[in-house]
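# Working through the structure, step by step
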Amino acid sequence: MNIEGEDYKVTYENGVITIAGKLSLMLEDYEKLETFFKKIVESEPSEITLDIRNLEYLNSSGIKTMCVGLLLEADDLEGLKMRILCSEHYTWQKETVPTFGELMDNMEIVFG
Amino acid sequence: MGETNVSILGDFTEPGGVNFEGVLSFSVKAAYIQKEKLWKSKDITAEFLGNFWKNILDIEDIKAKLHFICAELMENAVYHSIQSDYLIIIQLCFSSDELLVYVKNSSDTKKIENFKALIRSILEAENLQKLFIRRMKAAKKSGCKKSQVGLITILKDRGASLSWKFEQESNVTNITTLARIPLGKDRK
């Protein structure tokens, strides 16, 4: 499963969601990503890895889509473990991703 | 011309009130460019401003910070501007110890009170992290499409302060948003 745009690529393979590039869509254009996340959560995996190590930029509508459409939805699934792989290289990830910690009980944020 | 009612929220300073070392500004008529193209040009402008001032100031982190702040403020301007001859203006001013980003756009006066209430809730919040989490949970519950987290993220994570000037006429209100980014100790 994947979504590809001019500046970004989102894939889901073997329990790993990888988002790479620059994601700054208009609010209404995030619906396809919301649907993408919804399908993944509805398949009830026991573990999801969200790999954003190559996600250079994410606008606030993207932050909202990630938090609401994926993390909070995933939090409703009992026993689901979420792992977010981040990069120290991108300032926004260091500043913003740790604040997602309170959205899910079973979440691990890994910087590499 | 009707009467203009001016109101300020936060610690707003007029561009004329500061002695700047440099100013870059960009303006476009809201109705002139298609929204999709304006959206793309907003990213290009924000990235350029980040690169330009990183080069001038020699602060690595300023690039990403400016990119995010300029892009978010311009996104709000693109969304809220009324389709007419009104201008969207972004002006980036550099004084010795801070960067000031002004973004000016028009909006429908009927929407202003709700926007002011949103701003007050952010400016008066004791804990922005808790406000962020509350907003996310509320958005999930209500299915609300608006994110309303751009301004919170600028304050919470990007180390800038925000203030607003409203120039309200009967149908149209001009909104100037100011983001102040201290340069302080990071500067080489």
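Our subject in this report is the structure included herewith. (Residues numbered from 1 in each chain as written. Chains lettered and ligands numbered in written order. Predicted model: local features only at pLDDT ≥ 70, side-chain atom pairs only at ≥ 80, totals over all residues.)

### Concerning the overall build of chain A
- The helix and strand tally for chain A stands at 3 helices and 7 strands.
- In sequence order, the secondary structure elements of chain A are arranged as β-β-β-α-β-β-α-β-α-β.
- A globule of 112 residues ought to have a C-alpha radius of gyration of about 13 Å, and chain A, at 13 Å, matches this closely.
- Based on the C-alpha atoms only, the size of chain A along its principal axes is roughly 35 × 25 × 25 Å.
- Counting contacts in chain A only where the partners sit at least 6 residues apart, residues at least 24 apart contribute 74% of the total. (Helix = DSSP H or I, 4+ residues; strand = E, 2+ residues; numbered from the N terminus. Rg over C-alpha atoms; globule rule 2.2 N^0.38 Å. Contact = placed C-beta atoms within 7 Å.)

### Focus: the packing of helix α4 (residues 128–142) of chain B against helix α5 (residues 150–157) of chain B
Residue and element names in this part refer to chain B.
- Here α4 crosses α5 at 155°, and the two axes come no closer than 10 Å. In terms of their interaxial angle, α4 and α5 are classed as roughly antiparallel. As for the relative orientation of α4 and α5, their crossing is left-handed in sense. Where α4 abuts α5, its residues L128, Q129, L131, F132 and R135 lie against I152, L155 and K156.
- Partitioning the contact of α4 with α5 into residue classes produces 5 nonpolar, 1 polar and 2 charged. (Axes fitted to C-alpha atoms, helices over the stretch in contact; angles between N-to-C directions. Parallel < 35°, antiparallel > 145°, perpendicular 65-115°, else oblique. Left-handed = near helix turned anticlockwise from the far one by under 90°. Nonpolar A, V, L, I, M, F, W, Y, C, P; charged D, E, K, R; others polar.)

Honestly, that's just the spatial picture; any functional story needs more than this.
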